[in-house]
Amino acid sequence: MAVIGVMAVLLIITLTVTSSSLQALTITTSTRAGVQAQAAAEAGIAVALASLQNIGAVCPSGGVIASEGDSVPAYRVEVSTLTDEWSPSCPTGAVDETKVRIVSQGESTAGTVNHARTVEEIYDITPSGATNNLGSVITSSEDLDVDGWSVTTGEPTDIRVLNGDFACSKNGTVQADLRVAGNVTTGPSQSCSVDGNVDALGNIVVWNHVAVSGNVHGNDSIEVKSNGLVSGDLTNSSDDQTLIQGKVTGDVVLAGTLYKSSQADIGGRLSQNVSDVPRPQTAQAGDWVAFHYDLEDFRDAGFELLSGDCWINRDSWENLTVPTVVDLRRCDAVDLDKLTLEVRTDIAFILPDTQIDELDLESHNGDRHKIWFLIPEDDWNNGDDWHDDSNQRHDDDDDDDECDADFTIGDKAKISGEISVMVYTPCEIELNDVQWRGQLYAGKVDIDDDDSRIHFVPMGIPGTELFPAAVNDSVGPSTDWTLLSSRNRSKVPK
């Protein structure tokens, strides 16, 4: 009997332990599912913000953003915008939009039981007038290297590299957004800082002691080196690993995973392995736009034609009093030791290959005037455009077919504060020791000398839409977002 009693006690203990273990396993599984649902809801918030604050982002109809497929954990986000009343839609940057509400529901499962968590964030939005429809300060079809020079601006603008990489190899400052089809490298150590957003389809490297004042959005590997700083959000839409050794003040949203060193500092929310992270649409920096000279476009803008001959006469140019086109394409080339002009009006020079050793432009009457140095796309390629549909310049191996209609400042250039200058060539712009005001648009832009400064003044070309509005439209960066409230609306089981 004693043996039977002991066996009974042991059986009771075994059943009790088994029941407790199964209950604990159920609780653990349920808890894990709840944590996953919460993480999915927070990831939905992060994805929505990354999408809404991405230049050129397309908002789904009705303001609903959801993870793809039937996999779990999953999220579903509803975006509402407040004007006179709340409406299920994304913000457009209109001045009467005052708030944005983002509600994200995350879901996961434990056995046959669904777990859901809901997170709500409300933002105050203030259109800052920063939508860039003014054009880019520099557009280069090929690689662009900031070799110590700086870009300054009083207007919202960007630098576009349509089919190449951007590099900053020496100290310099870029007060503009970067929109790059290739890689972006701001380094090595203590190199140039970027006062704006960085969007690229290739690798992005923020080197030691380099600061980016805005957001960083990439579609390849992203590295923030030790003591590197990103003052906005960091978003990577690729599965490539992201490395952070420095500081990111805002949120980090990753389609892949994060390697984070012990010194790294992330001030906002971290979301990894997120589905449907939007690609950096601004890095698709638009297509090359060919300028084909048509005198009627300039006449429609109020210009007259001075000459169609190869006639270089500085005195006559300085005495012009009405906007004038000076067509010098009958020259084999324009080669000037020095060009000093005190202009009284706007002048558009239509040019062949041009070399000016020293350029000095001033306003004779103190009024603001514009100067264009324009080399048409098709004039030096037997009537064909130099750039194809992929933004690439198709030079032939034959030297006779190389794109050699360049615009070159051999020594230095000084542009007074009343003058702005636009240069366009399908080939190369080469500048050395310049104090420039205006815009540059070329197959390749090469600027030497550490003291060079490019100050953005919007100009464009009469009759040619160099900067289509669809490329430059912006919602997020043209709006200041301030978090008003963040709360968890879920009723979590105790």
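Keep in mind it's a predicted model, so treat the numbers as computed, not measured.

Turning our eyes to something else, we now look at the pairing of strand 32 (residues 354-363). Bridge analysis of strand 30 (residues 334-343) against strand 32 gives nine bridges, and the strand direction is parallel. The partner of Leu 341 across the bridge, within strand 32, is Leu 361. Relative to strand 34 (residues 407-415), strand 32 is paired through seven bridges, and the arrangement is parallel. The partner of Glu 358 across the bridge, within strand 34, is Lys 412.

Moving on to unusual backbone geometry. Its identity as a non-glycine residue notwithstanding, Asn 273 has a phi of 55 degrees, on the positive side. Looking at where Asn 273 falls in the secondary structure, it is placed in the loop between strand 27 (270-271) and helix 2 (295-300). Given a relative accessible area of 56%, Asn 273 falls into the exposed group. In this structure, Asp 433 takes a positive phi of about 55 degrees despite not being glycine. Here Asp 433 shows up in the loop between strand 35 (419-432) and strand 36 (434-448). Here Asp 433 falls in the partly exposed class, since its relative accessible area comes to 25%.

Turning our attention to the pattern of salt bridges. Within the structure shown, the criterion is met by nine salt bridges. Between Glu 121 and Arg 269 there is a salt bridge, with its nearest N and O atoms 2.3 Å apart. Placement of the pair is Glu 121 in strand 5 (residues 113-127) and Arg 269 in the loop between strand 26 (265-266) and strand 27, with a sequence separation of 148 residues. Summarising the burial analysis for this pair, Glu 121 and Arg 269 share the class buried. Ionic pairing is found between Glu 223 and Lys 225, a salt bridge with its closest N-O pair at 2.8 Å. Salt bridges sharing partners connect three or more residues here, namely Glu 121, Asp 251 and Arg 269.

The rules we used
- Residues numbered from 1 in each chain as written.
- Predicted model: local features only at pLDDT ≥ 70, side-chain atom pairs only at ≥ 80, totals over all residues.
- Heavy atoms only, no water.
- Pairing = 2+ DSSP bridges.
- Helix = DSSP H or I, 4+ residues; strand = E, 2+ residues; numbered from the N terminus.
- Buried < 20%, exposed > 50% of the residue type's maximum accessible area, 1.4 Å probe, protein only.
- Salt bridge = Lys/Arg side-chain N within 4 Å of Asp/Glu carboxyl O.

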